[in-house]
Amino acid sequence: MEGAAAISKAPLHTLTFSPATAANRIFAAVYACAVLALLYHHALTALHATSFLSFSLSFSFLLSDLILAFMWATNQCFRMGWVHRRVFPENLRKVVREEDFPAIDMFVCTADPFKEPPMSVVNTALSVMAYDYPADKLSVYVSDDGGSDLTLFAFMEAAKFGSHWLPFCRRNKVVERSPEVYFGSNYPQSNETKQIKEMYESMKQRVETVVDKGKVTDDYVTTEQERQTFNKWTDDFTRHDHPTVIQVLSEIGKDKDITGQSMPNLIYVSRKKSRTSPHNFKAGALNVLIRVSAVMTNAPIILTLDCDMYSNDPQTPRRVLCYFADTTINSKLGYVQFPQRYHGLNKNDIYACEFKRIVTKNTMALDGLAGPNYVGTGCFFSRRVFFGGPSSFVSPEIPELRPDRVVNKAIQAQSTLALAHHVANCKYENQTNWGSKLGFKYGTVVEDFYTGFRMQCEGWKSVFCHPTRPAFLGDVPITLNDVLNQIKRWSVGFLEVAFSKYSPVTFGVRAMGPIMGLCYAHYAFWAIWSIPLTIYAFLPQLALLKGVSIFPKVSDTWFLLHVFLFLGAYVSDCVNYILFEGTFQSWWNEQRMWMLKGVTSFLFALVEFLTKCLSIATHGFNVTSKVLDDEQSKRYDQGTFEFGVQSPMFVSLSTTAIVNLVAFFGGVIEVLKGGDFDGLFVQMFVAGFVVVNCWPIYEAMVFRTDKGRMPTKTTLISTFLAWVLYTTASHIP
């Protein structure tokens, strides 16, 4: 009661609803009527079809618009209740004493030292070790799912450097606590900064030299203890088959920084792997960290971070406590999610990698309902959330893993390390509830989406914390191929959730209500965007090449309905995007990428999922490379698309571009010959709109000479496919 009284006098957080909500609801009601009218028109046209071809065309557009209507309706659920939150960490001391702050276990995951450079992972870990928070309440667990001695060496070096870096940050009130970011900024010059920078550059050089060599040689091993550790990497040790490695690199109370203050815990974990046991990708690695951390520290709060997502605000844990310290909400509060923000985006975000719609706009809407979805990084969990719902606790198989257990043994005690190794074994989860009822959920590569969804279905609430200064900043892919493959991987994972027994449209709607369930369904069915987008990318254009009109004439009343639906969708979307601090150019690039994904990522994801269901093909998890190529970086910064690799998705993209270009000019020629402009206008507009959006593709196929141009082989294959499509269409009566 005293805590609640203190909160009422000195609020820790506030919530206000967006005034745009009412306007969006009114527009949605009007637009829904127009959508129903369009579907009625399609159905009427199909019923009165005079041939199989006309029926097929009408049915195709009816199917397309039904899918577009479904995706539009699910998207409207995100506009039902935008909210804005503020936190007041300066009021924390009035509610909870600093010595009573809860401990935090922080998980940093990496998997491949050649795609995720160890120095990048080190900077992420150092940035959170240096939080403005009691050091004796912080523990960093680094999950190395690649089992690399290169990564372990990097963190051994980081632990030594950290004893200098942490007091330097405290003493100088440094905000950018990632060393790489700090020394890349306009930092104050002094003898102290010069000295600490030299130490950092020396560490960086040692780590990168070892990575370049591909192994830790004897001249980099300084103690017998280190030598014994690296002896575990024998000839039989591979990334897919190796024993558990748990190495405590710094320990609270035992290891001190140069000022005599305790260092946080820093623990390297590489779980045991075997080719005969499933490892469940990132979800499996995170569940190992939950168990290992439960044995060693068992902090009540857990932070999950991607290896490239460094801390950009040392006050972040205090902002989180503004929610977890509020006794009026913390009994059902499962997690506090921060938005994914990125550094290094080019001026207009040509690949739409900021995901402003997903990580900010839609998330603020979910925050007004049951709370935001979990996005895989930058999220602070209550440990209790991994053990069933708020009123349905699921007990782990051994008491040492219970979230309420008090740890009373040193993390390097023999019994502690023995148990930690035991729970990190690849066979430990056999015949247990891990991955189904406990921890992060298995069954899909989008473990973040699925886990957050299941938690909210169990009754947990979440909060979106969106401070002005980004709490975390990460890297973005800078090549189109990486972007499209990333979206394809996510889309396949979403479909795995969509067609599981926990589908958002069935289980989700029952468990969370229709609005939240349909919000999750919008993401789960991402890949079906490919059906209408592919149909609209080819059918109207092929009909246009034959001079056949398939849309209402300009003089027809139904034409006005198409105009309203197109302008209404695009204008309202643009306005909402700009209201969320976007620009027109970045919005344009996002809608262009949506169209491009429709005939690439979404289409290939749908095909891959269907073939997987038929046991024809399976997919694995591929880590997106964080290694930057200088030439690619330069082209990205200039806003130039990168096509410099062979990819089947580039074939479908180029084929779409060629068909629409030929169709548009074919339509112009047809009209100039006296064709029916009134009847062909809509098809010419659709083809022209696609052509405008495909300009970077034409540029890459014809005008560019740099290494990022479209491969000649891709252009030739696409031209041949476009000719095949046209030839086939021309023979249809």
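Bear in mind the structure is a predicted one, so any value in this text is a computation, not a measurement.

Here the focus is the overall build of the protein. In terms of regular secondary structure, the protein is built from 25 helices and 15 strands. A compact globule built from 733 residues should have a C-alpha radius of gyration of about 27 Å, and the protein, at 28 Å, falls within 12% of that. Seen through its principal axes, the protein has C-alpha atoms that stretch 90 × 60 × 55 Å. For the protein, the proportion of its 733 residues judged to be buried stands at 58%. Pairs at least 24 apart in sequence give 82% of the contacts found in the protein among residues at least 6 apart. A total of about 30,800 Å² of accessible surface is found on the protein, and carbon and sulfur atoms cover 59% of it. Averaged over its 68 positive side-chain charges, the protein has a centre that lies 4 Å from the centre of its 64 negative ones.

To continue, consider the sheet that holds strand S10 (residues 341-342). The sheet built from 3 strands is open, its strands ordered S8-S15-S10 with mixed pairing. Both outer strands of the open sheet, strand S8 (310-311) and S10, are each paired with one neighbouring strand and no more. Examined bridge by bridge, S10 and strand S15 (residues 472-474) share 2 bridges and lie parallel to one another. By the bridge assignment for S15, Tyr342 is matched with Gly474.

This model, assessed by the stated rule, comprises 70 aromatic pairs. When the ring of Phe107 is compared with that of Tyr141, the centres are 6.0 Å apart and the planes differ by 90°; the resulting orientation is edge-to-face. Taken together, the residues Phe107 in strand S3 (residues 104-110) and Tyr141 in strand S4 (residues 138-144) connect sequence positions 34 residues apart. Judged by relative accessible area, Tyr141 falls into the buried class, the value being 0%. Between Phe449 and Tyr523, the ring centres sit 6.3 Å apart and the planes meet at 85°, which makes this aromatic pair edge-to-face. Of the two residues, Phe449 sits in helix H13 (residues 447-457) while Tyr523 sits in helix H16 (residues 514-524), which places them 74 residues apart along the sequence. Take Phe449 and Tyr523: they sit in the same class, and that class is buried. One aromatic cluster in this structure is built from Phe559, Phe566, Tyr570, Phe584, Trp587, Trp588, Phe677, Phe681, Phe685 and Phe689. The side chain of Arg291 reaches across the aromatic face of Trp434, ending 5.0 Å from its centre. For the cation-ring pair, Arg454 lies above Tyr502, with the distance from its terminal atom to the ring centre recorded as 3.9 Å.

Turning next to helix H19 (residues 584-598). Helix length check: H19 (15 residues) gives 21 Å between terminal C-alpha atoms against 21 Å at 1.5 Å per residue, within 8%. In terms of residue burial, H19 counts as a mostly covered element, since 12 of its 15 residues are buried. Within H19 the residues assigned to the buried category are Ser586, Trp587, Trp588, Asn589, Glu590, Gln591, Arg592, Met593, Met595, Leu596, Lys597 and Gly598.

Analysis parameters
Residues numbered from 1 in each chain as written. Predicted model: local features only at pLDDT ≥ 70, side-chain atom pairs only at ≥ 80, totals over all residues. Heavy atoms only, no water. Helix = DSSP H or I, 4+ residues; strand = E, 2+ residues; numbered from the N terminus. Rg over C-alpha atoms; globule rule 2.2 N^0.38 Å. Buried < 20%, exposed > 50% of the residue type's maximum accessible area, 1.4 Å probe, protein only. Contact = heavy atoms within 4.5 Å. Areas by Shrake-Rupley, 256 points an atom, 1.4 Å probe, with all protein chains shown as cover. Lys, Arg positive; Asp, Glu negative; His and termini not counted. Charge placed at Lys NZ, Arg CZ, Asp CG, Glu CD. Pairing = 2+ DSSP bridges. Phe/Tyr/Trp six-rings, centres within 6.5 Å; stacked < 30°, edge-to-face > 60°. Lys NZ or Arg CZ within 6 Å of the ring centre and 35° of its normal. Expected span 1.5 Å × (residues − 1).

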